[in-house]
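Structure assessment
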Amino acid sequence: MSRTLPLLVLYVIVLPLASHAQTSTPSDKPFVVEYYYKAKWGHADEFLKLFKKNHYPVLKKEMEMGRIAKLWMDQPRYHTTEDGRWDFRVTIVFKNATVANEPFDEATLQKQMYPDQETFQREEQRRFEILDGHWDLPVKTVELEK
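Notes on the structure in this doc start here. Keep in mind that this is a model prediction, so the values were computed, not measured. (Residues numbered from 1 in each chain as written. Predicted model: local features only at pLDDT ≥ 70, side-chain atom pairs only at ≥ 80, totals over all residues. Heavy atoms only, no water.)

Brief notes about helix α2 (residues 44-64)
Think of an α-helix as 3.6 residues a turn; residues three or four steps apart then line up on the same face. Taking 1.5 Å as the rise per residue, α2 with 21 residues should run 30 Å; its terminal C-alpha atoms sit 28 Å apart, in good agreement. Along α2, the largest kink reaches about 45 degrees and is centred on lysine 52. Turning to α2, its buried residues number three or more, namely Ala44, Phe47, Leu50, Phe51, Asn54, His55, Val58, Leu59 and Glu62. Those residues of α2 that are buried lie in contact with β1 (31-39), β2 (68-74), β3 (88-94), α4 (106-113), α5 (117-129) and β4 (131-139). (Helix = DSSP H or I, 4+ residues; strand = E, 2+ residues; numbered from the N terminus. Expected span 1.5 Å × (residues − 1). Bend = angle between axes of the 7 residues up to and from the residue. Buried < 20%, exposed > 50% of the residue type's maximum accessible area, 1.4 Å probe, protein only. Contact = heavy atoms within 4.5 Å.)

In structure tokens form, the structure reads like this:
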């Protein structure tokens, strides 16, 4: 009993500290999410036009606010099978995982940036109507040299 008590006390003190150290380190690292958009055939250009008009400026504002560190869009050069097809991939590098996952009132930002909310809402609805698919994929870097 006299040996187990100090070990138990050590376990109770050290384990939470070690656990906290592991969880606090990743929150300081950038958090990357890829957003994939698959437009209905013949509507990719319309989607891109609406994205650039309504959504991209909001994301740029979030960059100015420091919430997003980096942002870019990719488009495949060649085609794939229909089940694996996507038309646009938007990669957002958030400041950290906490910022990426905490509640953010994007609607208030949109109302400030787009006073004509009726047009904004109609165009955003259209942007999603012309999609066949949309998915979000958080990604992590794999260290190959470790």
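Alright, that's what it looks like, and here's the rest.
A word on the sheet that holds β3
Read from one edge of the open sheet, four strands run β2-β3-β1-β4, paired in antiparallel fashion. Only two strands of the sheet have a single neighbouring strand rather than two, namely β2 and β4. Averaged over all adjacent pairs, the angle separating strand axes in this sheet is 15 degrees, with direction ignored. Relative to β4, β1 runs antiparallel, the two sharing eight bridges. When the sheet's bridge partners are listed, tyrosine 35 is paired in β4 with aspartate 136. Sheet strands in contact with α5 are β1 and β4, and its direction is about 90 degrees off that of β4. (Pairing = 2+ DSSP bridges. Axes fitted to C-alpha atoms, helices over the stretch in contact; angles between N-to-C directions.)

Digging into the packing of aromatic side chains
Applying the stated criterion across every chain, the model contains seven aromatic pairs. When the centroid spacing of 5.4 Å and the interplanar angle of 5 degrees are considered together, the rings of tyrosine 36 and tryptophan 135 count as stacked. Of this pair, tyrosine 36 sits in strand β1 while tryptophan 135 sits in strand β4, and the two are 99 residues apart along the sequence. With centroids separated by 5.7 Å and ring planes inclined at 25 degrees, the aromatic side chains of phenylalanine 47 and phenylalanine 88 adopt a geometry described as stacked. Here phenylalanine 47 is found in helix α2, whereas its partner phenylalanine 88 is found in strand β3, with 41 residues between them in sequence. For phenylalanine 47, a relative accessible area of 0% gives the class buried. We classify phenylalanine 88 as buried; its relative accessible area is 2%. One aromatic cluster is present, formed by Tyr37, Phe47, Phe51 and Phe88 through successive ring pairs. The ring centre of phenylalanine 104 lies 4.2 Å from the NZ or CZ of arginine 67, which sits over that ring. (Phe/Tyr/Trp six-rings, centres within 6.5 Å; stacked < 30°, edge-to-face > 60°. Lys NZ or Arg CZ within 6 Å of the ring centre and 35° of its normal.)

Regarding the nonpolar core
In terms of nonpolar packing, the biggest core is built from 17 residues, with Tyr35, Tyr37, Phe47, Val90, Ile92 and Phe94 touching the most fellow members. Within the residue set of this core, elements represented by two or more residues are β1, α2, β2 and β3. Excluding residues within four positions of it along the chain, tyrosine 37 makes contact with Phe47, Phe51, Trp86, Asp87, Phe88, Val90, Arg127, Phe128, Leu131, Gly133 and His134. (Core = buried A, V, L, I, M, F, W, Y, C linked by side-chain atoms within 4.5 Å.)

Considering the pattern of salt bridges
Per the counting criterion, the structure on display carries 11 salt bridges. A salt bridge links glutamate 46 to arginine 126, with the nearest nitrogen and oxygen atoms 2.9 Å apart. You can see glutamate 46 sitting in helix α2 and its partner arginine 126 sitting in helix α5, a full 80 residues away along the chain. With a relative accessible area of 28%, glutamate 46 lands in the partly exposed category. The exposure class of arginine 126 is partly exposed, given its relative accessible area of 28%. Close ionic contact of aspartate 74 with arginine 89 constitutes a salt bridge, the shortest N to O distance being 3.0 Å. Taken together, the positions of aspartate 74 in strand β2 and arginine 89 in strand β3 put the pair 15 residues apart, joining distant regions of the chain. (Salt bridge = Lys/Arg side-chain N within 4 Å of Asp/Glu carboxyl O.)

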